[in-house]
Amino acid sequence: MAKAAVLFACTECGTSSSRWFGKCPSCGSFGTLVEEATAAAPSAASARPLLRLVEVDADEAERIPTGVPELDRVLGGGLVPASLVLVGGEPGVGKSTVLLMALREMSAARKVLLVSGEESAAQVKLRAERLGGSANVEILAETELEAVCATLERERPEVCVIDSVQTLYSVELGSAPGSVAQVRESAARLLRLAKEAGIAVFLVGHVTKDGAVAGPRVLEHLVDCVLQFEGDRYREHRVLRAAKNRFGSTNELGVFEMTGAGLVGVPNPSELFGRSPAGEVGAAVACALEGTRPILLEIQALVAPTDLAMPRRVGTGVDPKRLAMIVAVLTRHARVALGQADVFVNVAGGVRIDEPGADLAVALAIASAARGVAVHDGLAAFGEIGLTGRLRPATQAARRLEECAKLGLARVLAPTGTPTRGAGPALVEADTIRRALSAGLEQGEPSRD
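1. Concerning the sheet that holds strand β15 (residues 313-316)
Backbone-to-backbone hydrogen bonds join strands into a sheet, with any given pair of strands oriented parallel or antiparallel. Spatial strand order, β15-β16-β14-β13-β17-β20-β21: seven strands in an open sheet with mixed pairing. Edge positions in the sheet fall to β15 and β21 (426-430), since each has one partner strand and no second. With strand direction ignored, the average angle separating the axes of adjacent strands in the sheet is 30 degrees. Strand direction decides the pairing type here: strand β14 (residues 293-305) and strand β16 (residues 341-347), joined by seven bridges, are antiparallel. Note that in β16 the partner of Gln-300 across the bridge is Asn-346. Contacting β13 (283-290), β14, β16, β17 (379-381) and β20 (411-415), helix α9 (residues 359-371) crosses the sheet at an angle of about 30 degrees to β14. The strands touched by helix α10 (residues 397-406) within the sheet are β13, β14, β17, β20 and β21, with β14 carrying the most contacts at an inclination of about 80 degrees.

Quick look at the structure:
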C-alpha cells in the first residue's frame, strides 16, 4: 500500500500546502500551518438523477421554538429543522448554559440529545440541577465521530447539541482532535447527517484570541447559522448576535443576564442600557436599531488634552473609523476644538453598535465633554452625520420614537424631515450638526468638574 501523502493546512483559512511554511501563503498568518494526512482516494460514484427546480417542493418546515425567547429572536423565529447552527464565544460566556436551558425546554415535547465531549455526564447533571433541572434531556458523553453519528442515526432526535465540535475525532484520520482535518471532517459528516435525517444540530465552537471561531473558515461556510456570544464573563450581561443566518436576519440582537439560575433573557434592554443621569457631562442617549428592535443606549465620551503629536481616538462599542469621521466633522463644521485632545467613546453595558443612526448621539456626547456642558435632560438623539455636516434621516424613525415614548423621554433630537406618527415625545429637528449641538446641549457656563 502506498504511503499516504502529508499536507500542511492553515488553521485560519484552510489553505493546504505540500510543505511547511512559517507564514501562511494565503492569509499571511504566522505559525498556523499544521500537518494532516490526506484521505484515501474516493471510489467511482454513479450519476444521480436530476430534478427541475420548479418541481421541487419548497414548503417551509415549521420552526421549532427553543423555549428561550431571546435565542428564538436571533435565530429568526425559532430553530429550522435539519439545520446546522454554530455557536461561538469566549470561554465562560454562557454557550453551554443557554443551550442546556433550550434543550430542557424543548425536551417537554421533543426528543433531544446532548453530546458532551468536554464534560462527563455527572458534571452536566450538576450544572443542570443548578439551572433548574434536566427534564427529559438525553446525554451521550462521547468524542469519537463514528460513534456519535451511529447514535444519531439510531436514535433520530429532533434536536442535538454537540459540545464541542473541536473535541470530536475520526479514527480514519491520523491527526489529533481539534486539527483542521478533524474539524472539517466532523462538520461535513454532521451536515450530511442533519440534512438526511432531519436533525437540527447545534455545534459549540471554540474561539481564537481575536474572538473568531477557531478552526478552518470552511466550518463557517458549511453551517446554516453562526451565532456569536459577546460580553465579558466578569460582567453579568451577554449579547447574542447572528454573524450568518440563511433563514433569517443577521441584524437581530439577544440580550441575556447571567444569574445564579442561568442566563435570563432581558426583554427590554432600553431600561437597562438607556438611562443617563441628569446633568452629567459627556453622556448622551442614542436610539439605535438592532434588526427589528429599537434600543436606547447611553453613549459616554471623554475629551482630554494631550501632548502627543497624534491624538488618540479610542472607541469601545463603536466603529473606530466612524468615530474618527465624527471627530473630523465636529472639528470642521461645528467648531469643536479637538485637534489637541484625546477622544474616548464608550457604549455603556458592553453593547456594540454599527448602524449610522447613532452618529448624532455620539457627536452630542463628544461635544458635551469638549465644551463641559451637559445634554438636555430627558433627550434622546438619532440621525446620520454626513461629511458636509448635514444630517440625514435614520431608517424606521417611527419605531425609534415609540421606544423613546415607552421610556418616558420628553424630547427627541432628529434630522429635519423625520416622519412622525401618533402621540409621542416632542421632536426637535435640525438640518446640520452645528444646529443640532445648539438644540441638544444646555446653554450656560461650562462645568468645572
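2. Some details on the packing of helix α2 (residues 95-106) against helix α3 (residues 121-130)
Following both chains from N to C, one finds α2 and α3 inclined at 75 degrees, their axes separated by 11 Å at the closest point. Between α2 and α3, the angle is such that the two are roughly perpendicular. Where α2 approaches α3, its residues Ser-96, Thr-97 and Leu-100 are matched on the opposing element by Val-124, Arg-127 and Ala-128. Class assignment for the residues of the contact of α2 with α3 results in three nonpolar, two polar and one charged.

3. Comments concerning the state of the cysteines
All chains considered together, the criterion is met by zero disulfides. Residue Cys-27 stays outside any disulfide, its sulfur separated by 3.7 Å from that of Cys-24, the closest cysteine. The class of Cys-27 is partly exposed, set by a relative accessible area of 37%. Here Cys-287 is not disulfide-linked; the sulfur of Cys-404 is the nearest cysteine sulfur, at 4.0 Å.

Here is what the cut-offs are and how they apply
- Residues numbered from 1 in each chain as written.
- Predicted model: local features only at pLDDT ≥ 70, side-chain atom pairs only at ≥ 80, totals over all residues.
- Heavy atoms only, no water.
- Pairing = 2+ DSSP bridges.
- Helix = DSSP H or I, 4+ residues; strand = E, 2+ residues; numbered from the N terminus.
- Axes fitted to C-alpha atoms, helices over the stretch in contact; angles between N-to-C directions.
- Contact = heavy atoms within 4.5 Å.
- Parallel < 35°, antiparallel > 145°, perpendicular 65-115°, else oblique.
- Nonpolar A, V, L, I, M, F, W, Y, C, P; charged D, E, K, R; others polar.
- Disulfide = S-S within 2.5 Å.
- Buried < 20%, exposed > 50% of the residue type's maximum accessible area, 1.4 Å probe, protein only.

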